Amino acid sequence: MSVVGSCRCRALWLPVVATSLLATRAAAQTRDCEPVADRAGRTLGCFITAREELGALPRDSALYWHITTFPTLAAASAAAAKVPRSTAVESLGLNWLFTIANGRWRPPGGRRIARIGPLPLIDAPTFAAVYMEGVFQPGMQSPVHRHPGVEAWYTLQGAQCLETPEGRLEQRAGERGVMVRGGVPMQLTGIGTGIRRSLVLILQDATQPRNTHAHDWTPKGLCRP
């Protein structure tokens, strides 16, 4: 597991969830991530907000996930139209420009929130960037799974814990980005006392399924609330 990235900004404040959502602390496993269009009014879970086909990626310099906010989705979309490997997304109540670029890249406007990387790339002929939002209450867990490419998180509110065969890693709101290399089995748990909200990237082999359940590894419970 790798822990890299930087952010010079304070954590963003997001709307408070109703107290009733915080009452249940028992661990509950979430579904696999679903398209945000299939949310059907559900507040908690993992939802896919966009998938961008990137083609072959340059290997002459390290790549990073750049996260920028804009006042409107139209402004983010206008910026994305001008910048290669960029996607405009409305997620968690804000408007985002997500960009895969080298470390020297700067956004054309907006408010820069974080730069996460360098992203460890797998060997693949073509890539896709899958963007998601994760909303967990304390004790909620993902299935044990792996991805055909790096998964990265930036947490806006609350806290999360990742367990892999390499150990335990926490991330709290506003802290630097967290990454897990492609192929590594993992389980994610919401921790702390409040709702956890995170932006998520999977930079994957575009020819492979986004995730598979990892039946060859059992967590030790290192993230147990």
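Since the structure is predicted, the reported quantities are computational estimates derived from the model, not experimental observations.

S.K.: How would you summarise the sheet that holds strand β4 (residues 63–70) if you had to cite specific residues and measurements?
M.R.: With respect to topology, four strands assemble into an open sheet ordered β5-β6-β4-β7, the strand pairing being antiparallel. The sheet is open, and its two edges are formed by β5 (86–91) and β7 (111–116), each paired on a single side. On average, each strand axis in the sheet is inclined to that of its neighbour by 25°, with strand direction left out of account. Judged from the six bridges that link them, β5 and strand β6 (residues 94–102) form a sheet pairing that is antiparallel. Considered in β6, the bridge of A88 is made with L97. Seen against the sheet, helix α1 (residues 73–82) touches β4, β5 and β6 and runs at an angle of roughly 165° to β5.

S.K.: If you had to explain the nonpolar core to someone new, which residues and values would you point to?
M.R.: Core analysis: the biggest nonpolar cluster contains 47 residues, and W65, I67, I100 and L203 have the highest contact counts within it. Contributing elements (two or more residues each) for this core: β3 (45–55), β4, β6, β7, β8 (127–136), β11 (149–157), β14 (178–180) and β16 (196–205). Sorting elements by how many residues they give to this core places β8 first, with seven residues. Discounting residues that sit within four places of it in the chain, I67 has contacts with W96, L97, F98, R111, R112, I113, A114, I116, Y154 and L199. Listed in part, the eight residues of the second largest apolar core include F70, A79, A80 and W105.

S.K.: Explain the sheet that holds β11 to me, and be specific about the residues and the numbers.
M.R.: With mixed pairing, six strands are arranged side by side in an open sheet as β2-β3-β8-β16-β11-β14. Only two strands of the sheet have a single partner each, and these edge strands are β2 (34–35) and β14.

S.K.: For the pairing of strand β13 (residues 167–172), give the residues involved together with the corresponding values.
M.R.: Residues of β13 alternate between two faces, with G167, L169 and Q171 buried on one and R168, E170 and R172 left unburied on the opposite face. Both strand β12 (residues 159–164) and β13 contribute to a ladder of six bridges, which runs antiparallel. Its bridge partner being in β13, A159 is matched across the sheet by R172. Hairpin geometry of β12 and β13 is characterised by an intervening segment of two residues between the two adjacent antiparallel strands.

S.K.: Describe unusual backbone geometry, naming the residues involved and giving the relevant values.
M.R.: Following G117, the chain continues to P118 via a peptide bond in cis, the omega torsion being 0°. Looking at where P118 falls in the secondary structure, it is placed in the loop between β7 and β8. The phi dihedral of R85 is positive, around 55°, even though this residue is not glycine. By the element assignment, R85 lies in the loop between α1 and β5. Owing to a relative accessible area of 26%, R85 belongs among the partly exposed residues under this scheme. The residue L92 is not glycine, and still its phi comes out positive at about 55°. Topologically, L92 is positioned in the loop between β5 and β6.

Parameters and conventions
Residues numbered from 1 in each chain as written. Predicted model: local features only at pLDDT ≥ 70, side-chain atom pairs only at ≥ 80, totals over all residues. Heavy atoms only, no water. Pairing = 2+ DSSP bridges. Helix = DSSP H or I, 4+ residues; strand = E, 2+ residues; numbered from the N terminus. Axes fitted to C-alpha atoms, helices over the stretch in contact; angles between N-to-C directions. Contact = heavy atoms within 4.5 Å. Core = buried A, V, L, I, M, F, W, Y, C linked by side-chain atoms within 4.5 Å. Buried < 20%, exposed > 50% of the residue type's maximum accessible area, 1.4 Å probe, protein only.

That's the geometry; what it means functionally is another story.
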